[in-house]
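Residues per chain are reported as follows:
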Amino acid sequence: MQRSKRDILERLNAGELIVGDGGMVLQLERRGYVKAGQWTPEAAVEHPEAVRQLHREFLRAGADVLQTFTFYCSEDKLELSGNVTNITGAQINEAACDLARAVADEGDALVAGCVSQTPCYLENRSEAVVKSLFKKQMQEFLKKDIDFFIAEFFRYAEEAAWAVEVLKTSGKTVGATMCISPHGDMDGLPPGDCAVRLVKAGADIVGVNCHLDPTACIQTVKLMREGLNQAGLKAHLMIQPLGCHTPECNLTGYISLPEYPFALECRTLTRWDVHKYAREAYEAGIRYIGGCCGFEAYHIRAISEELRTERGFLPPASDKHGLWGAALDMHTKPWVRARACREYWEHLLPASGRPKCPSMAKPADE
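Nothing here was measured: the structure is a model prediction, and the numbers come from that model.

Cut-offs and rules
Residues numbered from 1 in each chain as written. Predicted model: local features only at pLDDT ≥ 70, side-chain atom pairs only at ≥ 80, totals over all residues. Heavy atoms only, no water. Helix = DSSP H or I, 4+ residues; strand = E, 2+ residues; numbered from the N terminus. Contact = heavy atoms within 4.5 Å. Pairing = 2+ DSSP bridges. Phe/Tyr/Trp six-rings, centres within 6.5 Å; stacked < 30°, edge-to-face > 60°. Buried < 20%, exposed > 50% of the residue type's maximum accessible area, 1.4 Å probe, protein only. Core = buried A, V, L, I, M, F, W, Y, C linked by side-chain atoms within 4.5 Å. Axes fitted to C-alpha atoms, helices over the stretch in contact; angles between N-to-C directions. Parallel < 35°, antiparallel > 145°, perpendicular 65-115°, else oblique. Left-handed = near helix turned anticlockwise from the far one by under 90°. Nonpolar A, V, L, I, M, F, W, Y, C, P; charged D, E, K, R; others polar. Right-handed = clockwise from strand over helix to strand, strands pointing away.

Some thoughts on the side chain of Glu159
Working step 1: Among the secondary structure elements, Glu159 is positioned in helix α9 (residues 157–168).
Working step 2: Filtering out sequence-adjacent residues up to four positions away, Glu159 remains in contact with Gln117, Thr118, Tyr121, Val130, Phe134 and Phe154.

Structural notes on the sheet that holds strand β3 (residues 110–116)
Working step 1: Strand order in the open sheet formed by eight strands is β1-β8-β7-β6-β5-β4-β3-β2, and the pairing between neighbours is parallel. Only two strands of the sheet have a single neighbouring strand rather than two, namely β1 (18–19) and β2 (65–67).
Working step 2: Both β1 and strand β8 (residues 288–289) contribute to a ladder of two bridges, which runs parallel. Directly across from Val19, in β8, lies its bridge partner Ile289.

Considerations on the packing of aromatic side chains
Working step 1: This model, assessed by the stated rule, comprises 13 aromatic pairs.
Working step 2: Judged by centre distance (5.3 Å) and plane angle (50°), the rings of Tyr121 and Tyr156 are tilted. You can see Tyr121 sitting in helix α7 (residues 119–124) and its partner Tyr156 sitting in the loop between β4 (148–154) and α9, a full 35 residues away along the chain.
Working step 3: The class of Tyr121 is buried, set by a relative accessible area of 0%.
Working step 4: Classification of Tyr156 as buried rests on a relative accessible area of 10%.

Quick look at the nonpolar core
Working step 1: Phe69, Ile239, Tyr277, Ile289 and Ile303 are the most contacted members of the largest nonpolar core, which totals 101 residues.
Working step 2: Beyond its immediate stretch of four places on either side in the chain, Tyr277 contacts Pro214, Ile218, Ile239, Gln240, Pro241, Ile289, Gly290, Phe295 and Ile303.
Working step 3: Residues Leu12, Leu110, Ala112 and Met238 belong to the second largest nonpolar core, which totals twelve residues.

Quick notes on the packing of helix α6 (residues 89–104) against helix α8 (residues 127–143)
Working step 1: At a minimum axis distance of 9 Å, the contact between α6 and α8 shows a crossing angle of 40°. One element, α6, and the other, α8, form an angle in the oblique class. Every pair of crossing elements has a handedness; the one defined by α6 and α8 is right-handed. Contacts between α6 and α8 involve Gly89, Ala90, Asn93, Glu94 and Cys97 on the former and, on the latter, Lys136, Gln137, Glu140, Phe141 and Lys143.
Working step 2: Residues belonging to the contact of α6 with α8 are distributed by class as follows: three nonpolar, three polar and four charged.

Things to note about the pairing of strand β6 (residues 205–209)
Working step 1: Counting buried positions along β6 yields five of five residues, so the element is predominantly enclosed.
Working step 2: Where burial is concerned, the two faces of β6 agree: the one with Ile205, Gly207 and Asn209 and the one with Val206 and Val208 are both buried.
Working step 3: Judged from the four bridges that link them, strand β5 (residues 174–178) and β6 form a sheet pairing that is parallel. Within the sheet, the bridge partner assigned to Gly175 lies in β6 and is Ile205.
Working step 4: Of the crossover connections in this fold, the one passing from β5 over helix α10 (residues 191–201) to the parallel β6 is right-handed.
Working step 5: Across five bridges, β6 lies against strand β7 (residues 236–240) in parallel orientation. The residue bridging Asn209 from the neighbouring strand is Gln240, located in β7.
Working step 6: Once the chain exits β6 it traverses helix α11 (residues 214–231) before rejoining the sheet at β7, and the crossover so formed is right-handed.

Written out as structure tokens, the structure is:
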């Protein structure tokens, strides 16, 4: 089903559901294109075919938005990482925009230019210095005429608001997501107050991304909505959680878990977990629903399939997937054929296969 490439706000204002894309950084690290630790995105220049392929997988899974692979691409972060010696931030930003746009145009997706937290903020909290970094990235994105901006992965509302203030000068729509828990940001500012600060700075869309699982992130977005309602403010709500279970719901999320970053697979969400998440997020009034680190293409397809009635169509990737396991009815084994139904997968309690492992861990930040 083809739709006109309307502005993200026009779509949201019309009540349309937006499906976001999934995580780039963890997937590309696992595929051998990103170095863990600093997590910088030079692969957009060094291995464009890898970035392009991941974009294409998300598009086929039903994503309405492709985010530029520009996470941690501020000049201070690139310099600190030591990963990039002969590639500039401008080259990465421009290449990432070209890759996202080329794939987006294969379908009907929008391109979001993304900025994220900077090391400089924690070093000196200088508003002028931090804003100059965001302004530089913004100007590079504007050369490529991205459709809208997302300021993502911010632990401090102050820095996120500075990013929004800069990006808003572009005249384009700005979304802002924070990687916070229901406890609030790292300064102790509650989620509701974080949302108020972001909207007052100019954000059109607010929410959370990364660090915690769908259950915790939905709870946090609900608190954001309450804060906006109490302040008499309005904004569209957005959610892009971690693709792993984090029932500990600690302040700093998965980065404080002992499995981070190389043993998180045991916590991975199943596609059926994502069906549940998509429905709960939609019923909570959230209309921009996607994923962050750990969300693969099959997770995004699960969002698209769960909300297919609301969207009015299925994505191309569903051609290779029977809804709720329906394709298993052709299996030669009768016990597998018996699993070709929603009831089986919706009520399954999957075993971990690790009898000596605990179901939860003690986070390092507790």
